[in-house]
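The chain contents come next:
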Amino acid sequence: MRTHNLGYPRIGSQRELKKACENFWAGRITAKDLMDIGLKIRRQNWKIQQQAGIDLIPVNDFSLYDQVLDMTVTLGAIPERYQKFNDSLTPLEGYFAMARGLQNEKVDVTAMEMTKWFDTNYHYLVPEFSISQTFQLDSRKVVGEFLEAKQLGIQAKPVLIGPVSYLLLGKEKESGFHRLSLLPALLPVYVNLLKELKANGAEYIQFDEPFLALDLTPLEQDFLHTCYETFRKEIPELKLILANYFDCYGDNLDAALKLPVDVLHLDLVRCSSQLEDILTHPKLSKTTVLSLGLVDGRNILKNNLQYSLDTLQKAIDQLGKERVWVAPSCSLLHVPCDLDLEIKLNPEIKDWLAFARQKLDEVAKLKELLSPVASLSAKDYLETNQSSIKNRSVSSLIHNPKVRDRIQSIQESDYKRKAPFPIRQKAQRDKLGLPLFPTTTIGSFPQTTDIRQLRSQLKSGKISPETYDEKIKAATVDAIRWQEEIGLDVLVHGEFERNDMVEYFGELLEGFAFSQAGWVQSYGSRCVKPPILYGDVWRSQDLSVGWTTYAQQHTDKPMKGMLTGPVTILQWSFVRDDQPRSLTTRQIALAIRDEVAALEAAGIAIIQIDEPALREGLPLRKKDWATYLDWAVRAFRLSCSGVKNETQIHTHMCYSEFNDIIQSIADMDADVITIETSRSEMELLDAFVNFKYPYEIGPGVYDIHSPRVPQVREMVHLLQKAATVIPHEHLWVNPDCGLKTRGWDETREALKNMVEAAKQMRQSVR
Ligand code: GLN
Ligand code: ZN
């Protein structure tokens, strides 16, 4: 029996990589410095895994920005628009230009599109394919990192995104072909990479093919077969691990079992029933090893070791020890590094948790406990583990009778606005008097170093809460003055008081706990610290009314109240597993509902409830969509339906790909939606050709993930495109998302241009 790991967090337990990248981008450190820091993190991670007792340690799970972008570089699929800068940019500069866009005297290029990695909060850069796409191997990173590990005496396992998933992750940038037709051109590049790895001493290769957790067509399944047949034939000595995660093999199981691979990895956290299916499957070959993903790579609750031991034993009874491996369910990229760094967490709650490092221990201990000579310490470990599991289930911290009662008293009418949209729209127009193509922003303004410093000074007690409030208020008033000056129509207070929005709301609600260093990579150098939703959720204090009314007092223009929606709070937290997610979401929705009522009572006429994570919460398999969408949409409606007709409810979503759920978005019954579209050139609008979306909508006119300043004409162009399918009276003008990750200089320029674009639109339709 072997232990292995599918991937380890690469940001460093102190976010060393984030800081290094940002320093490099700002010109404060050299490329060499950045590379050195990367190497140091890799070495640390390998050591941690080695010391924990992981037999097969992954390499190439490290990335300076994103592992899909790395694969694009490795396979030589760099889009043409970056290749023309080959002479003026170093490879590293070129890499970051693809990731973030670049604008200087020599270069002006947009970033590649970014979207969510399956149902996680991690974002990857979408490969772009042309009809005449070629591929060319650049093995430096993969082989280089393999050799680095080897130098430390570690016989590592390179992790690659499998060819079918790689192509499916991407998009065709031209019509007239399907990206899977590129496979014949792509496979030889993989084969050469595998040969090179083999020549350098690699024994195992982990192929991630997470698309196996989605619905695949028979043709797509055939493509998988072609790939792994080819690898088997061309490099027979290499041992192939096929990793699927985030859901069952499901209907792809037959096809997966036919693949000529040595090890099949199963995510038994997301889909525990599949073990039985596989063990009893007639096609399971006599030699295939099963890697049982038992330790949750997506959540931070301790593993129930006894349950895992029983599962392992069952597999061993049938397959024998040699054919059973144990692992986390997926890469540990999605959990924070180390629970030991948490010294402030309530010890009772801390006892229920495990971060990446502790999860490695769990994996190693599972193996140890199954050996006939399990040490005393391993047995102690099991005992402690079992008492933690028990303690959580009976803890008084978790259950709040007030919440139970409130849930029981929900009426069907609580999910419905008082009047249908057309009546509300009229009431809102009369009240707000906004121009055609109203301009607004999504909520946050730049979180400058000054602002972030204030927060850390407050935390460390260097400044008083009063001073903190005063300075945040000053920033808010400045932002209001400036928004008025450039002529925005609907203002925001800027969210200066919020670190991360989910963290901010979680901190004020009952039922949440917080880590100090529980960072998880979101994209590139962006990390989030997801709250720990461990118990019943209750609003016992004001969440945003104070800041919003303060802001409203400083302007005659409408001030949007900014809230985060129930689905997003759920999705971006680590969530309890002792009740259905739908019920937890309903609890959050009630808390938000009370806040919405309080904002309205305080005179706020427009309230935005952000649901950027609604799409990412979608189950991977279509058959599960309806159930999820039903409870998710209902939770949103529960949160906002208590208001009067003239109160305008906005929602906001980002990370594109909404075309297939547009009906559900309409079912949310929000008066206005602002939505990300610019990086995909308004691809979203395709959905509006056949679907008459009844509400007002602001399709984002510029990409906020990039520091690049958009020109007026670019935005006018996008608006004109939008105006071909959206009635003028329904069209809002806004960026793709909040501006907190941007600097003020670029924000000022970009928003001035945006307001100008709206003006030109108004003139053109006069
Ligand atoms: N109101 C939030 C902001 O502007 C929305 C963030 C998001 O959609 N991710 O930051
Ligand atoms: Zn957004």
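Heads up: the structure comes first, above all this text.
Remember, predicted model here, so these are calculated numbers, not experimental data.

### Things to note about the sheet that holds strand E18 (residues 532–538)
Backbone-to-backbone hydrogen bonds join strands into a sheet, with any given pair of strands oriented parallel or antiparallel.
Step number 1: The strand order across the open sheet built from three strands is E15-E18-E20, with neighbouring strands paired in mixed fashion. Whereas interior strands pair on both sides, the edge strands pair on one side only; in this sheet they are strand E15 (510–513) and strand E20 (574–575).
Step number 2: By the bridge criterion, two bridges tie E18 to E20 in an arrangement that is parallel. From the neighbouring strand, Ile-532 faces E20, where its bridge partner is Phe-574.

### Side note on the packing of helix H1 (residues 16–25) against helix H2 (residues 31–52)
Step number 1: Contact geometry of H1 with H2 gives a least axis separation of 9 Å together with a crossing angle of 170 degrees. With respect to each other, H1 and H2 are oriented roughly antiparallel. In this structure, H1 contributes Glu-16, Leu-17, Ala-20, Cys-21 and Phe-24 to the contact, and H2 contributes Ala-31, Leu-34, Ile-37, Ile-41 and Gln-44.
Step number 2: Within the contact of H1 with H2, the residues separate by chemical class into eight nonpolar, one polar and one charged.

### As for the coordination of the zinc ion (ligand 2)
Step number 1: Distances from the zinc ion (ligand 2) to its protein donors, His-652 (NE2), Cys-654 (SG) and Cys-737 (SG), fall at 2.0 to 2.3 Å.
Step number 2: The coordination sphere of the zinc ion (ligand 2) comprises four donor atoms, whose angles at the metal cover 89 to 123 degrees; the geometry is tetrahedral.
Step number 3: For the zinc ion (ligand 2), all donor residues lie on one chain, and their spacing in sequence is H-x1-C-x82-C. Residue Cys-654 is found in the loop between strand E22 (648–653) and helix H25 (662–667), and its partner Cys-737 is found in the loop between helix H27 (712–723) and helix H28 (744–765); the two are separated by 83 residues along the sequence.
Step number 4: The buried category is assigned to Cys-654, whose relative accessible area is 2%.
Step number 5: Its relative accessible area of 13% is what places Cys-737 among the buried residues.

### Quick word on the packing of aromatic side chains
Step number 1: Inspection of the entire model under this criterion finds 27 aromatic pairs.
Step number 2: On the numbers, 4.9 Å between centres and 85 degrees between planes, the contact of Trp-117 with Phe-118 is edge-to-face. Here Trp-117 matches Phe-118 in class, with each residue buried.
Step number 3: Seen in terms of ring centroids, Phe-118 and Phe-211 are 5.2 Å apart; in terms of plane orientation they differ by 70 degrees. Their pairing is edge-to-face. Here Phe-118, found in the loop between strand E5 (114–116) and strand E6 (123–125), pairs with Phe-211, found in the loop between strand E10 (204–208) and helix H9 (218–234); they are 93 residues apart in sequence, far enough to count as distant. A single burial state applies to Phe-118 and to Phe-211, both of which are buried.
Step number 4: Members of the aromatic cluster, joined through ring pairs, are Trp-117, Phe-118, Tyr-124, Phe-211, Tyr-245 and Phe-246.

### Some details on the sheet that holds strand E2 (residues 58–59)
Step number 1: Across the sheet, eight strands lie side by side as E1-E14-E13-E12-E11-E10-E8-E2; this open sheet has parallel pairing. Either end of the sheet is taken by a strand with one partner, and the two such strands are strand E1 (2–3) and E2.
Step number 2: As judged from the five bridges shared by E10 and strand E11 (residues 239–243), these two strands associate in the parallel manner. Across the sheet, residue Phe-207 finds its bridge partner in E11, namely Leu-242.

Reading the values: the criteria
Residues numbered from 1 in each chain as written. Chains lettered and ligands numbered in written order. Predicted model: local features only at pLDDT ≥ 70, side-chain atom pairs only at ≥ 80, totals over all residues. Heavy atoms only, no water. Pairing = 2+ DSSP bridges. Helix = DSSP H or I, 4+ residues; strand = E, 2+ residues; numbered from the N terminus. Axes fitted to C-alpha atoms, helices over the stretch in contact; angles between N-to-C directions. Parallel < 35°, antiparallel > 145°, perpendicular 65-115°, else oblique. Contact = heavy atoms within 4.5 Å. Nonpolar A, V, L, I, M, F, W, Y, C, P; charged D, E, K, R; others polar. Donors = N, O, S within 2.8 Å, 3.2 Å for Na, K, Ca; no water. Tetrahedral: all angles 85-135°; square planar, octahedral: opposite > 155°, others 65-115°. Buried < 20%, exposed > 50% of the residue type's maximum accessible area, 1.4 Å probe, protein only. Phe/Tyr/Trp six-rings, centres within 6.5 Å; stacked < 30°, edge-to-face > 60°.

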